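Fold and contact review
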Amino acid sequence: MAEANIAKEEGKEIIVCNGVNKWFGDLHVLKDVSLTVKKGEVLVILGPSGSGKSTFIRTINGLEEVQKGDIVIDGINLSHDIKDIEAIRKETGMVFQQFNLFPHMTILKNITLAPIWVRKKPKAEAEKIALELLERVGIPEQADKYPGQLSGGQQQRVAIARALAMQPEIMLFDEPTSALDPEMIKEVLDVMKELARSGMTMLCVTHEMGFAREVADRIVLFDEGEIIETGTPEELFDNPKHDRTKLFLSQIL
Ligand code: ADP
Ligand code: MG
C-alpha cells in the first residue's frame, strides 16, 4: 500500500505549463511554452543568452506574472489562485547566480530567518534543521561566520541550504555556478547532484554540460522564448533533431 502511494507520488505532475506567454512591453519573451514536470524529475534548461530561461523559471515561483496560458504548481493554478501566492512560494526554493545572502547576518541566521519569521518555526528547531543542512552541504563548521568570510562556493552552498530550510517541493536553479571561480564549481554541482539523487524535483538553468549529461532526466532547449527541443541527454546531445539545437550545441561544446 505504502509502495503504491510512493509510486503514485513519483508519477505526479508537479509542474504543468500550458501555452504560457509573457511580454515585457512589446517584447514577447515566452511564446506558447508548454512543459510538464513529474515529481522527482531533474530538468536542465539550456539556451542562448536572452532566450527566456530566467524569465521562465521565475514564472514558476510567481516572481513573474504571465499574460496568457496556465501554470499549475502542485495543483495550484498560478494565474487563477493569486491569493495563494504564499502557498506557491512554499512549493519552490530558488538559487540564483548571485548568492544574495544577507551580509550582516551569520550563516546560521541567514538560514533560519525565513523558517522562523515566515514559517513560525521555534528558533531551536530552525537552528537544528539549519545545522543539519549545513552538514548536508558540507560546511557545518561555518555556521557562526558571516557571508563575507566564506568563499563563493561556500556561499552558494549556504544559499542552497537556505532554500532547502523552507522544505520546498521543487528547487529552481538559475545559473548557480556562473559567478564562481572554476575551482569552486564542482563543490556546488556535487551538492546539486546529491539533491537530485535524493529525489528532489529540480529545474536547473546551467551551462555545465557534464552535469546536464550526468544528472538530467530531460534537457529542455530554449531559443527566442520557445522550447525548441526536449529530450534525454542522449537524445539531445548525441542525436539533436532541430537545426537550432545543433547550432546551439556546436557553439557551446
Ligand atoms: P535568459 O535567462 O535566457 O538569458 P531572460 O529570461 O533573462 O533570458 O531574458 C529574456 C528576454 O527578456 C531578454 O530579451 C531580456 O532582455 C528580456 N527581459 C528580461 N527581464 C526583463 C525585464 N524585467 N524587463 C524587460 N525585459 C526583460
Ligand atoms: Mg538568465
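Residues numbered from 1 in each chain as written. Chains lettered and ligands numbered in written order. Predicted model: local features only at pLDDT ≥ 70, side-chain atom pairs only at ≥ 80, totals over all residues. Heavy atoms only, no water.

Under an unreviewed UniProt entry, the name given to the protein chain is General L-amino acid transport system ATP-binding protein, and the organism recorded is Aquibacillus albus. Its UniProt record, at the heading Sequence similarities (unreviewed entry), says of the protein chain: "Belongs to the ABC transporter superfamily." (UniProt positions renumbered as here; feature names shortened; annotations may be inferred.)

For the protein chain, the count of helices and strands is 10 helices and 10 strands. Here the C-alpha radius of gyration of the protein chain, 18 Å, is about what a compact globule of 253 residues would show, namely 18 Å. Considered along the principal axes of its C-alpha atoms, the protein chain spans approximately 50 × 50 × 40 Å. Looking at the 253 residues of the protein chain, the share that counts as buried comes to 50%. In the protein chain, once contacts between residues fewer than 6 apart in sequence are set aside, the share between residues at least 24 apart is 65%. (Helix = DSSP H or I, 4+ residues; strand = E, 2+ residues; numbered from the N terminus. Rg over C-alpha atoms; globule rule 2.2 N^0.38 Å. Buried < 20%, exposed > 50% of the residue type's maximum accessible area, 1.4 Å probe, protein only. Contact = heavy atoms within 4.5 Å.)

This part is about the sheet that holds strand β3 (residues 42-46). The strand order β6-β7-β8-β3-β9-β10 describes an open sheet built from six strands, whose pairing is mixed. Two strands in the sheet have a free side with no partner beyond their single neighbour: β6 (92-95) and β10 (226-231). Here the average twist between neighbouring strands, direction ignored, is 20°. With four bridges joining them, β6 and strand β7 (residues 170-174) adopt parallel strand pairing. Among the inter-strand pairings, valine 95 is bridged to a residue of β7, identified as phenylalanine 173. Across the sheet, helix α7 (residues 182-197) touches β3, β7 and β8 (201-205), and the angle it forms with β8 is around 150°. (Pairing = 2+ DSSP bridges. Axes fitted to C-alpha atoms, helices over the stretch in contact; angles between N-to-C directions.)

Here the focus is the environment of valine 95. Mapped onto the fold, valine 95 is located in strand β6. Along the primary structure valine 95 and alanine 161 are separated by 66 residues, whereas in three dimensions their C-alpha atoms are 9.7 Å apart. The contact partners of valine 95, leaving out residues within four places of it in the chain, are Gln156, Ala159, Ile160, Ala163, Met171, Leu172, Phe173, Asp174 and Pro176.

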